Amino acid sequence: MSRVKQTAVLWLLIASSCLFLLFQLYYYRKYVGKSGPRLLSSTAHLTDHNLQWQTVKTFLALSRHSHVPLFLADGAALRQLTQDALQRGEREERCSFLCTGRPVTSFAVLANSWKYDAAFSSAAEQKGFEVLELRGEDPRLAGLDILSAQEIPLHLLLRLNGYFIQVVFLYERSGNYLWHGPLRLKANTDRGFAPFKHLDFGRHAGAYNRPRLILTVMDGLDVRIPQNISDFLSEQRRARFLECRHRDARRFLQSYPDDTTPDALDFRNKAKSLLGLAAQTLTRLHVPFWISSGTCLGWFRQCSIISYSRDVDIGIFISDFRSDIITAFQAVGLSLKHKFGKVEDSLELSFVKDDVKLDIFFFYQERDIIWNGGTQVKSGRKFKYTFPHFSLCWAELAEVKVRVPCQTLDYVTANYGPSWSVPLRTWDWKSSPSNVQENGVWPLSQWETLIQVY
């Protein structure tokens, strides 16, 4: 080959190399430059995962700048985490954990630690986000007529690159727990803004214990997460919260004014204290319970404890029974009043403190019904109270976080009949309940062990 041709080929190769370098520089400036690292697929396009990663990165940077006390609450992302996974995430900038195959990443914010205002939304919009704020009534003020219409931010949705960030606001409630509201779209809300049906939070209100948070690195990003992920995920599955029906309660109290005598107020204070002590004791034992009978009726009907009921009633599934329940209650100052039945059949415990009785009814599950038993001391007669199947939700009564049957109306109607909304001061536990039925007689030879009164 002549020297002229060799020179021409050399210059051609140099020109091609320069063009290739310019091409690489163009994509570097476009996809890396100001926005941080983005990985390219083999066809030189951004992958979906990296678009989502970039969206989360931009949001986290904005949140840090605005001092937003948030943490990762995305169930799908948290389920992927183990200690080994977190250590890998510290070294990687690929979207291995935050990109879950869903177009939404969920965070929670401790609302009492951050005064949300329009400046955050404006800053987000400057970063390219489209923002939708969803508000609702503050239930902490629902008992006060004059303030019941005050609204608070409940959810914040941010959209960028076709991906979404959900921020759920967690508020402190008087029962020493965190609460978030349901996501309810108003008439003028853009219903095409986000895939609302697929959001982690908002189908119903929720209640959580305050999580201990740790700062870690996921996919190369600094993220706060619950220290005990398994506990948080377990709470998330069972977080549904039912608000007391304040408007119906006010109407009820207009027709049937509350008893405000010193005796009634004294009983309510003692019952509140007893309920709180029972909740603390059973929580330490990891025994779930719900308010039952007259205590449940008081919550559902009038958002308070019925002053003439003279006791506190709770339910526990027999599958959650622990043999140390009695000693645990005795250790906190409750005296055992009676023990009826046995674990296999119609178990019932009763304690007393400050002249107020705590009745614990154990419930048994069958194919079509759930039931608890009752025992008459003088005759040994057994009774059975049947309920339709129900699940459990969180609620608040007398500033105590408790559970209630989610299907509360069915539960109350089963026990008190269709006239449950009319107060009855005279009540016979053997004949008055709508769901009571005879269930045989304890053998006389077993009374000593099955009918114990103290």
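Not measured: the values here are computed from a predicted model.

1. Digging into unusual backbone geometry
Both trends apply: most residues other than glycine have a negative phi, and most peptide bonds are in trans.
Argument step 1. You will see that His67, though not glycine, has its phi angle at about 55 degrees, which is positive.
Argument step 2. Checked against the element boundaries, His67 lands in the loop between α2 (48–65) and β1 (70–72).

2. Some words on the state of the cysteines
Argument step 1. Inspection of every chain in the model, using the stated rule, returns 3 disulfides.
Argument step 2. In this model, Cys393 is linked to Cys406 through a disulfide, with the two sulfur atoms separated by 2.0 Å. What sets the handedness of the Cys393 and Cys406 disulfide is the S-S torsion sign, and at about 110 degrees it is right-handed. Here Cys393, found in strand β17 (residues 392–397), pairs with Cys406, found in the loop between β18 (400–405) and α11 (408–416); they are 13 residues apart in sequence, far enough to count as distant. The same class applies to Cys393 as to Cys406, namely buried.
Argument step 3. Numbered by order of appearance in the sequence, the disulfide-linked cysteines of the protein chain pair as 1-2, 3-4, 5-6.

3. Considering the packing of helix α9 (residues 293–302) against α11
Argument step 1. Closest axis-to-axis distance for the α9/α11 pair is 10 Å, and the angle between their directions is 130 degrees. What the angle tells us is that α9 and α11 run oblique. Every pair of crossing elements has a handedness; the one defined by α9 and α11 is left-handed. Contact residues: α9 offers Ser293, Gly294, Cys296, Leu297, Trp299 and Phe300, while α11 offers Thr408, Leu409, Tyr411, Val412, Asn415 and Tyr416.
Argument step 2. Of the residues contributing to the contact of α9 with α11, the split by class is 8 nonpolar, 4 polar and no charged.

4. Re a nonpolar patch on the surface
Argument step 1. A grouping of Leu424, Trp427 and Trp429 is seen on the molecular surface, where their side chains present a nonpolar patch of about 300 Å² in accessible area.
Argument step 2. Assignment of secondary structure puts Leu424 in the loop between α11 and β19 (436–441).

5. Comments concerning empty space enclosed by the protein
Argument step 1. Counted according to the given criterion, the structure contains 1 cavity of 30 Å³ or more.
Argument step 2. The calculated volume of the largest cavity comes to roughly 40 Å³.
Argument step 3. As for the largest cavity, its lining consists of Lys270, Ser273, Leu274, Lys353 and Asp354.
Argument step 4. No other element matches helix α8 (residues 262–284), which puts 3 residues into the lining of the largest cavity.
Argument step 5. Classifying every residue of the lining of the largest cavity by side-chain character gives 1 nonpolar, 1 polar and 3 charged.

6. Some remarks on helix α5 (residues 118–126)
Argument step 1. Within α5, the full set of buried residues consists of Phe120, Ser121 and Ala124. Projected down its long axis, α5 shows its buried positions confined to an angular sector of 100 degrees, all on one face. Those residues of α5 that are exposed and aimed more than 90 degrees away from the buried face are Ala118, Ala119 and Gln126.
Argument step 2. N-capping of α5 is provided by Asp117, with a side-chain oxygen placed 3.0 Å from the backbone N of Ala119.
Argument step 3. Gly128 sits one or two positions beyond α5 and adopts a positive phi of about 105 degrees.

7. Describing the packing of aromatic side chains
Argument step 1. Evaluated as defined, the whole model comprises 26 aromatic pairs.
Argument step 2. Consider the rings of Trp114 and Phe169, whose centres lie 6.1 Å apart with planes at 10 degrees: the pair is stacked. Of this pair, Trp114 sits in the loop between β2 (104–110) and α5 while Phe169 sits in strand β5 (residues 163–173), placing them 55 residues apart in sequence.
Argument step 3. Using a relative accessible area of 1% as the deciding quantity, one classes Phe169 as buried.
Argument step 4. The interplanar angle of 15 degrees and the centroid separation of 4.5 Å between the aromatic rings of Phe387 and Tyr411 together place this pair among those described as stacked. In this pair, Phe387 sits in strand β16 (residues 381–387) while Tyr411 sits in helix α11, placing the two residues 24 residues apart along the sequence.
Argument step 5. Among the residues examined, Tyr411 registers a relative accessible area of 3% and is labelled buried.
Argument step 6. Taken together, Trp114, Tyr116, Phe120, Phe169, Tyr171 and Trp179 form an aromatic cluster joined through their ring pairs.

8. Overview of the pairing of strand β4 (residues 151–160)
Argument step 1. Counted residue by residue, β4 has 9 buried out of 10 residues, so it is predominantly covered.
Argument step 2. Note that strand β3 (residues 130–137) and β4 share 8 bridges and pair antiparallel. Bridge pairing in β4 places Val131 opposite Leu158.
Argument step 3. Relative to β5, β4 is paired through 6 bridges, and the arrangement is antiparallel. The residue bridging Arg159 from the neighbouring strand is Phe164, located in β5.
Argument step 4. The antiparallel hairpin formed by β4 and β5 contains 2 residues in its connecting segment, where Asn161 sits at a positive phi of about 60 degrees.

The rules behind these values
Residues numbered from 1 in each chain as written. Predicted model: local features only at pLDDT ≥ 70, side-chain atom pairs only at ≥ 80, totals over all residues. Heavy atoms only, no water. Helix = DSSP H or I, 4+ residues; strand = E, 2+ residues; numbered from the N terminus. Disulfide = S-S within 2.5 Å. Buried < 20%, exposed > 50% of the residue type's maximum accessible area, 1.4 Å probe, protein only. Axes fitted to C-alpha atoms, helices over the stretch in contact; angles between N-to-C directions. Parallel < 35°, antiparallel > 145°, perpendicular 65-115°, else oblique. Left-handed = near helix turned anticlockwise from the far one by under 90°. Contact = heavy atoms within 4.5 Å. Nonpolar A, V, L, I, M, F, W, Y, C, P; charged D, E, K, R; others polar. Patch = residues over 30% accessible without salt bridge, like charges linked within 9 Å, V, L, I, M, F, W, Y side chains within 5 Å. Areas by Shrake-Rupley, 256 points an atom, 1.4 Å probe, with all protein chains shown as cover. Salt bridge = Lys/Arg side-chain N within 4 Å of Asp/Glu carboxyl O. 1 Å grid on protein atoms, 1.4 Å probe; cavity = no way out; pocket = protein on both sides within 12 Å on 5 of 7 lines; lining within 4 Å. Points joined across faces, edges and corners; volume = space filled by probe spheres on them. Arc of directions from axis to C-beta. Polar contact = N/O pair within 3.5 Å; in protein donor to acceptor, adjacent residues only side chain to side chain. Phe/Tyr/Trp six-rings, centres within 6.5 Å; stacked < 30°, edge-to-face > 60°. Pairing = 2+ DSSP bridges.

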